[in-house]
Amino acid sequence: MSISLDLLAALFLPLFPLSMVFTRVFDRLRHPLARAALLLAWPQLGVLLIAQTALPPPDAFIVWALATAAFYAYRAIALRDVGLWIAFIAVSAWSLLWLGAGDVLTMHVQALAFSVPLLLLNLLSGDLERRFGAAHTRLKLGLAAVAPRYAAVFVVAMLAAVASPVFPNFFSLLATITHRVAEHGAGLSVFMVALVWVLWTWSGARLIQGIVVGEGDARNVADLSTPMVWAYAGGFLFLAAAGLALAGVLL
Amino acid sequence: MERLTLLIVALPLLSAVLVHLLADRLGRRVARLSIGMTLLTLLAALTGLSAIIGGAATGQWSSGGALGVLLLDPLSVLMATVIAGISLIVHMYSQRYMAEESGYARFYVLLDGMTAALLLMVVAGDLITLLVAWHLVGVLLYFLLGQDTRSQTAYRYAFWTLLTYRIGDLPLVLAAALLFNAYGSWSLADIFAAMAAAPAAHQVFGMALPEVVGGLIALAAFARSAQFLMHSWLPYTMSGPTPVSALMHAGIVNAGGFLINRFAPVYVETGGVLHWVFIVGLITAVIGSVLMLAQHDIKKALGYSTMGQMGFMIMECGVGAFSLAIYHLIAHGVFKGTLFLGAGGVIHEARKDDGVPKDELHTFVVERRPERQHRPWLAMAAITLLVPGAILFIAHYLVEAGFFHKQGAVVLLFFGWITGAQLIFATYRMRTENLARLFTLILTSFTVVVIGYTLIAHAFELFLYPDPTLRAGIHAAAGIDLVWFDVLVGVMTAVIVAGWLFTYYAEQQRLREREWFHALRRRFYRVISREFFVNDLYAGVARGIETSATRLNVLLRWR
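No experiment lies behind these values; they were computed from the predicted model shown.

S.K.: Please set out the overall build of chain B residue by residue, giving values where relevant.
M.R.: Helices and strands together make up the secondary structure of chain B, namely 22 helices and six strands. Residues counted as buried form 52% of the 559 residues belonging to chain B. Contacts in chain B between residues far apart in sequence, at least 24 positions, make up 77% of those at least 6 positions apart. For chain B, the computed accessible surface area is about 24700 Å², with 66% contributed by carbon and sulfur atoms.

S.K.: Summarise the interface of chain A and chain B; cite the residues concerned and give the values.
M.R.: Listed as interface residues are 49 residues of chain A and, on the opposing side, 41 residues of chain B. Carbon and sulfur atoms supply 73% of the area buried between chain A and chain B, which totals about 4100 Å² over both sides. A per-residue breakdown of the area chain A buries against chain B is headed by A:Tyr74, A:Trp202 and A:Gln209, which together make up 15% of the total. Residue A:Asp27 is joined to B:Arg559 by a salt bridge in which the shortest nitrogen-to-oxygen separation is 3.4 Å. Where chain A touches chain B, the interface holds eleven residue pairs in polar contact (both at pLDDT 80 or more).

S.K.: Mind laying out empty space enclosed by the protein, listing which residues take part and the relevant values?
M.R.: In the structure shown here, the tally under the stated rule is three cavities of 30 Å³ or more. Estimates place the volume of the largest cavity at around 100 Å³. Around the largest cavity sit 14 residues that line it, and A:Leu159, A:Val162, A:Thr201, A:Ile208 and B:Leu162 are the ones nearest its centre. Among the elements of the structure, helix 8 (148–161) and helix 10 (188–211) of chain A together with helix 5 (127–145) and helix 6 (152–183) of chain B are those that each provide at least two residues to the lining of the largest cavity. Looking at side-chain class alone, the lining of the largest cavity contains nine nonpolar, four polar and one charged residues.

S.K.: Let's hear about the pattern of salt bridges: which residues, and what values?
M.R.: Evaluation of the coordinates by the stated rule reveals 15 salt bridges over all chains. A salt bridge links A:Arg131 to A:Asp127, with the nearest nitrogen and oxygen atoms 3.3 Å apart. Pair noted here: A:Arg131 and A:Asp127 are both in helix 6 (residues 104–132), with a separation of four residues, about one helical turn. Between A:Arg206 and B:Glu546 there is a salt bridge, with the nearest N and O atoms lying 2.8 Å from each other. Of the two residues, A:Arg206 is situated in helix 10 and B:Glu546 in helix 22 (residues 534–555); the pairing between them involves two chains. Ionic contacts of the salt-bridge type, sharing partners, join the residues A:Asp27, A:Arg30, A:Arg35, A:Glu129 and B:Arg559 into one network.

Thresholds applied
Residues numbered from 1 in each chain as written. Chains lettered and ligands numbered in written order. Predicted model: local features only at pLDDT ≥ 70, side-chain atom pairs only at ≥ 80, totals over all residues. Heavy atoms only, no water. Helix = DSSP H or I, 4+ residues; strand = E, 2+ residues; numbered from the N terminus. Buried < 20%, exposed > 50% of the residue type's maximum accessible area, 1.4 Å probe, protein only. Contact = heavy atoms within 4.5 Å. Areas by Shrake-Rupley, 256 points an atom, 1.4 Å probe, with all protein chains shown as cover. Buried area = accessible area lost by both parts, 1.4 Å probe. Salt bridge = Lys/Arg side-chain N within 4 Å of Asp/Glu carboxyl O. Polar contact = N/O pair within 3.5 Å; in protein donor to acceptor, adjacent residues only side chain to side chain. 1 Å grid on protein atoms, 1.4 Å probe; cavity = no way out; pocket = protein on both sides within 12 Å on 5 of 7 lines; lining within 4 Å. Points joined across faces, edges and corners; volume = space filled by probe spheres on them. Nonpolar A, V, L, I, M, F, W, Y, C, P; charged D, E, K, R; others polar.

Following this line, the structure appears as structure tokens:
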């Protein structure tokens, strides 16, 4: 029974190849709000399911989770579409929740810490798709040249997504590493988590380079309105405050 | 007084916010606002420094949580003063230099943000704050180097920097996790006190915890300070604006030396880590200097020069001369910042006069000046080997009789001989119209440099490490077995003598007539012109990773 529940949880705290279900559903949903709801709800369901099993999960699941996290982080390097990138990073991040599986409340909080920073990028990605038809690096948008405020917001959202300080996922990753060291010592698993973190940065920087940097084309693109910029700034400030508060709880 | 550290960090942060908010209203005048705030930051740092020099007690400000502890101690206020000072110069220089560039306000926001991150790094009193600041420096540098958002080249090299820095962050994260796990606290003061009380209480991978943590901290320092194999980003970041290059070479790459100093109480409890630090520093110093000499581009040459200097700085840490490394990073920051900010002027002057010395025939026939005397080999070799040694001996005897017992001092003495010889070559070119004047200049240079260096090193050591037990502990941790020490001294002497002999024969044209010598030289040049193929290797690996990831995604239908 427990193994069946673990396998079911592996669908929502996605482990490869079950993770392909999430990436397919995410890709099918085109509306940013629907995607946002999915980003918030999917891992929470996983945590609810895992709470019904005998914790901590079997070692095989930990290995499987680590492999999935590294696998999706590695594959994200080649992605040029922001929407798909968000899905891959979400899978990579949520699979790390298996490593700290123990206290259910902490898992819920950590799942939120991994999901919420992706929401703002998801909203921006939806807006980019609406304006340009796709949020893809091949379009050579050169966003900084044609819409500097848009570019600035995109860059900060991307930094939040790749777990930069002081966003919640930064502290969540630190907590995962610290927890892992405390439980099992500094071994390969800790190195793998750290490697996943570097790969996120690698893939995120490639997207920034593809979407923000460049000459830009001659199209007349309206920049983000001032109220929208303030709204996003408020979102980032909330994330930073949440991150600092989370540091006090998790670390 | 402890709140001063909060002010030191908050001022540039506030400046960044104000510049961003007032950019539309103030236009180019935001630079003045930013400069004014940086000046206030410098004044705050100077106040802290003078208070500590004046005997004020060290302390810390705490936000009350696990993170947000800021230290007020000799190392933090000294480094804060240096950073604020260099940042102020860069701010002032940029006011006109960046005037024609797009993103003027953004540049000042990033510059202020970088200043705040660097200051937070040096005053951090807990591991989380240190990690946050350490990480932010890498991120902000990425965007500063990519100030020209239209340039893919600038971002390509900025990306290499970011990736190297992120890889270098990992050992620090791991070290922090290990220390927290062992001592149950993020506070540096608590951790160092607990470690000093029972150094061997915790084991990791079958080794004492200080050994492992010391190694990890050293790795983080290597990445930040561009040590060999983690250096490839440094010479290629010249696509960024010149003020950023100045700030990077004067204030950011030095962070490795600072980090090792901050964790000095950990290194006191280590056995062999500092020896590895020395070896890495030595390799970097030699390779950086060799590559610097092979460059045709002045900014790239300065980049490799920084690599060599960083090697020297890390080497100083390796021999236990921690405070000397701090002095070195300050001195290097000042002179390298000056060189970068003056590079544009040099290029401008070179367009009028190339500055290439006339050959001797031209001097004799056209300028009607007597042929210069040159190659006083024996005297020069004797000076290189004997005079610095004598002066160092006298200097150390006058400053502190026991100084010679520290092996680090002797190792540095040997290295000083080599660099001294290089100095003679570079400055006087071994040719002169007046031999007596040349010798006087050489002797004066050595005397000033060596005595000055010794005195300053001693003063820095007393200021940064007032506890004599800690000072002795650092030198003891860097010490090696006497037999090995003698072997090393012998090898270094042989290297110096061989170098002189090689130079002598090369200059005497005996070697130049040999075909094997030309073939060897060509092969060597091919290797160093490709920078030991390190960049090719990394580029190939990165391409391989990206290509294989793409193939895998295609195979799995991007799911």
